[in-house]
Amino acid sequence: MSLQPIPQPADLDVVRASYDRVADNYVEMVTTTGIGDIRTHPWLKAAMDAFASTVVSIGPVLDVGCGPGTVTAYLAEQGLDASGVDLSPRMIEHARRLHPQCTFAVGSATDLDLAEASLGGVLGWWSLFNLPRNVLPVVLASFAAALRPGGQLIIATHVGDNDVDRIEAYNGVPVRWTTYQWQPEQLADLVREAGLSPVADLRLPADQASGAAAVLVAQKDKS
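As the structure is a prediction and not an experimental result, all values here were calculated from the model.

### Regarding empty space enclosed by the protein
Applying the stated criterion across every chain yields a total of 1 cavity of 30 Å³ or more. Here the largest cavity is characterised by a volume of approximately 40 Å³. Lining the largest cavity, in full, are L128, L136, I155, T157, W182 and L187. Classifying every residue of the lining of the largest cavity by side-chain character gives 5 nonpolar, 1 polar and no charged.

### Some thoughts on the packing of aromatic side chains
Note on aromatic pairs: each is described by the distance of the centres and the angle between the planes. A full pass over the atoms with the stated rule returns 3 aromatic pairs. Look at Y26 and Y170: their rings are 5.1 Å apart centre to centre, the planes differ by 65°, and that puts the pair in the edge-to-face class. Taken together, the residues Y26 in helix α1 (residues 12–33) and Y170 in the loop between β6 (164–169) and β7 (173–179) connect sequence positions 144 residues apart. For Y26, a relative accessible area of 17% corresponds to the buried category. Relative accessible area serves as the criterion here: at 30%, Y170 is assigned to the partly exposed category. Measuring from centroid to centroid gives 5.5 Å for W125 and W126, while their planes differ by 90°, and the two rings are edge-to-face. W125 sits in the buried class, given a relative accessible area of 10%. Among the residues examined, W126 registers a relative accessible area of 24% and is labelled partly exposed. Positioned above the aromatic ring of W182, the side-chain terminus of R133 is 4.3 Å from the ring centre.

### So, the nonpolar core
With 27 residues, the main nonpolar core has L128, L136, L140, F143 and L153 as its most contacted residues. The set of elements that each furnish at least two residues to this core consists of β1 (61–64), β4 (119–125), α5 (136–146), β5 (147–158), α6 (184–194) and β9 (213–219). Element by element, the count of residues in this core is highest for α5, at 6 residues. Excluding anything up to four places from it in sequence, L140 contacts L128, L153, I155, L190, V191 and A194.

### Some remarks on the packing of helix α2 (residues 42–55) against helix α3 (residues 70–77)
Where α2 meets α3, the closest approach of the two axes is 11 Å, and the angle between their N-to-C directions is 50°. What the angle tells us is that α2 and α3 run oblique. Of the two elements, α2 crosses α3, and the hand of that crossing is right-handed. Residue-level contacts link K45, M48, D49, F51 and A52 of α2 to V71, Y74 and L75 of α3. Of the residues assigned to the contact of α2 with α3, the class counts are 6 nonpolar, no polar and 2 charged.

### Describing the sheet that holds β4
Taken together, 7 strands build an open sheet; the order of strands is β3-β2-β1-β4-β5-β9-β8 and the sheet is mixed. Among the strands making up the open sheet, the edge pair consists of β3 (103–106) and β8 (197–204). Strand-to-strand twist of the sheet, defined as the mean angle between neighbouring strand axes without regard to direction, takes the value 15°. Pairing of β5 with β9, which is carried by 7 bridges, proceeds in the antiparallel orientation. In the sheet register, T157 faces β9, and the bridge partner there is A214.

Calculation notes
Residues numbered from 1 in each chain as written. Predicted model: local features only at pLDDT ≥ 70, side-chain atom pairs only at ≥ 80, totals over all residues. Heavy atoms only, no water. 1 Å grid on protein atoms, 1.4 Å probe; cavity = no way out; pocket = protein on both sides within 12 Å on 5 of 7 lines; lining within 4 Å. Points joined across faces, edges and corners; volume = space filled by probe spheres on them. Nonpolar A, V, L, I, M, F, W, Y, C, P; charged D, E, K, R; others polar. Phe/Tyr/Trp six-rings, centres within 6.5 Å; stacked < 30°, edge-to-face > 60°. Helix = DSSP H or I, 4+ residues; strand = E, 2+ residues; numbered from the N terminus. Buried < 20%, exposed > 50% of the residue type's maximum accessible area, 1.4 Å probe, protein only. Lys NZ or Arg CZ within 6 Å of the ring centre and 35° of its normal. Core = buried A, V, L, I, M, F, W, Y, C linked by side-chain atoms within 4.5 Å. Contact = heavy atoms within 4.5 Å. Axes fitted to C-alpha atoms, helices over the stretch in contact; angles between N-to-C directions. Parallel < 35°, antiparallel > 145°, perpendicular 65-115°, else oblique. Left-handed = near helix turned anticlockwise from the far one by under 90°. Pairing = 2+ DSSP bridges.

In short, the description is geometric, and any link to function would need to be established separately.
Written out as structure tokens, the structure is:
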């Protein structure tokens, strides 16, 4: 199967440096307040549990944009062969320290070289919103190609009509990145174009998340 080459975002190094700067504050927030840990949010946990129970028998799972590995480790606790990759080396340092039982690597969603039909599941858990609009569809196609029949992709992201340029995050740390917001219907169209079928759609209002959010689960055809 021939896939279109994935465009490399022009600001990739800037985004990487920004996440390196916020990594320490983000990890402290997760470990002290539980924010960012799905165990503290029943609806997100339910979605992840359903995903995990579906893909556990299909194959290994890759958490793309895993940050400090909180969700990766949660899936490993559920019996999945879960590993994580993140653009930020500092995030990966924290992930390896906090969850030494899991495997983590530094890498970009745009340059993973995933083998065809090698994975039971892929996560883009609040980790794909920095991908420009011309890049995300090609990344989703690479995820779809990497899934085995019956495998699933789960995405969580910010919902909106406008892109947001961020200059600070996590207690005032200077950053430079764009949050590309999508409507759930747009995401569903993108995963269909990638060759997957949406199977679940969870929408969270602004008072239930950090702004309005959506979780989308899509599956590779079993035939």
